[in-house]
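# An overview of the molecular structure
These are the residues of each chain, in order.
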Amino acid sequence: MKVTKRKQTWSNLDAKKVYSLTDAIETLRGFCSSKFDESLEVAVRLGIDVAKADQNIRGMLSLPNGTGKKVRVAVFTINNQEDAKKAGADVIGGEELIDKVAGGYMDFDRVIATPDMMPKMSKVARVLGPKGLMPNPKLGTVTTNVAEAVANAKAGQIEYRAEKMGIVHAGVGKMSFATDKLVENVNALIDQLKKVKPASSKGQYILGCSVATTQGPGLKVDVK
């Protein structure tokens, strides 16, 4: 099997080395594709048991420098459509939009709904839920203040969620960002995870962290 030059370069990396966040990002730049602007992905392993309800970490975070991604926002509302439009929502509608989504329409990245629409949203829960798009009051995506919710989504707000083995994955920016901007975004995520540490979580909380680009290798980083 032919081994690409890129993979040969990866093999020269020390898998056990722990980098500073700045050094890791700078090292990853050497593996970035010249064909598109790759994202910086972060994986944080937490000392929690996600099977316990009080340790199921999930929330929203506005990154200081955004994500660099264009986010298409859909707002399900009847009485707040003008507010959604002024805020820059890409898709706006009421029950007719629900029917459209039930029929397979999914041209959006974030979903916001007003409380009065939630009983009707059950029709598309099986469509939106598996994709992590179902509106949730705890995430601020079920709200009467749709203008603020749309603005947050457009400004680079991300969702963080502890998955299996207590690992939180998140995209925190584009590699075209200056290194210090990416560092700020990663640190904002780490700080947020520390703030939401469950009281019932004992022992070491942040067990490890790594960063990688969309197509690049993963590097261990010290975020303590």
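Above this text you will find the structure in question.
An account of the accompanying structure is given in this report. (Residues numbered from 1 in each chain as written. Predicted model: local features only at pLDDT ≥ 70, side-chain atom pairs only at ≥ 80, totals over all residues. Heavy atoms only, no water.)

Right, let's talk about the overall build of the protein for a bit. Scanning the protein for helices and strands turns up eight helices and ten strands. Taken over the C-alpha atoms alone, the protein extends approximately 55 × 45 × 35 Å along its principal axes. The 224 residues of the protein split such that 42% are buried. Working note: accessible area of the protein is about 12200 Å², and carbon and sulfur atoms make up 50% of it. Across the protein, the 34 positively charged side chains and the 24 negatively charged ones have centroids separated by 6 Å. (Helix = DSSP H or I, 4+ residues; strand = E, 2+ residues; numbered from the N terminus. Buried < 20%, exposed > 50% of the residue type's maximum accessible area, 1.4 Å probe, protein only. Areas by Shrake-Rupley, 256 points an atom, 1.4 Å probe, with all protein chains shown as cover. Lys, Arg positive; Asp, Glu negative; His and termini not counted. Charge placed at Lys NZ, Arg CZ, Asp CG, Glu CD.)

So, about the sheet that holds strand β10 (residues 218-221). Pairing between sheet strands relies on hydrogen bonds along the backbone, with the strands arranged either parallel or antiparallel. With respect to topology, five strands assemble into an open sheet ordered β1-β10-β9-β2-β8, the strand pairing being mixed. Lying at the two open borders of the sheet, with one neighbouring strand each, are β1 (18-19) and β8 (167-174). Pairing of strand β2 (residues 39-46) with strand β9 (residues 206-213), which is carried by seven bridges, proceeds in the antiparallel orientation. Within the sheet, the bridge partner assigned to Val-42 lies in β9 and is Val-211. The strands that helix α8 (residues 179-195) touches are β2, β8 and β9; relative to β8, the one it contacts most, it runs at about 155°. (Pairing = 2+ DSSP bridges. Contact = heavy atoms within 4.5 Å. Axes fitted to C-alpha atoms, helices over the stretch in contact; angles between N-to-C directions.)

Now for the side chain of Thr-179. Mapping Thr-179 onto the fold places it in helix α8. Of note is the side chain of Thr-179, whose polar atom sits 2.4 Å from the side chain of Glu-26. If we skip the residues at most four places from it in the chain, Thr-179 touches Thr-22, Ile-25, Glu-26 and Arg-29. (Polar contact = N/O pair within 3.5 Å; in protein donor to acceptor, adjacent residues only side chain to side chain.)

Right, let's get into the sheet that holds strand β4 (residues 73-76). The strand order across the open sheet built from three strands is β5-β4-β6, with neighbouring strands paired in parallel fashion. Strand pairing shows two members of the sheet lacking a second neighbour, β5 (91-93) and β6 (110-113), which therefore form its edges. Averaged over all pairs of adjacent strands, the angle between strand axes in this sheet comes to 15°, irrespective of strand direction. Here β4 pairs with β5 via three bridges, running parallel.

Interpretation in functional terms is not warranted from these geometric data alone.
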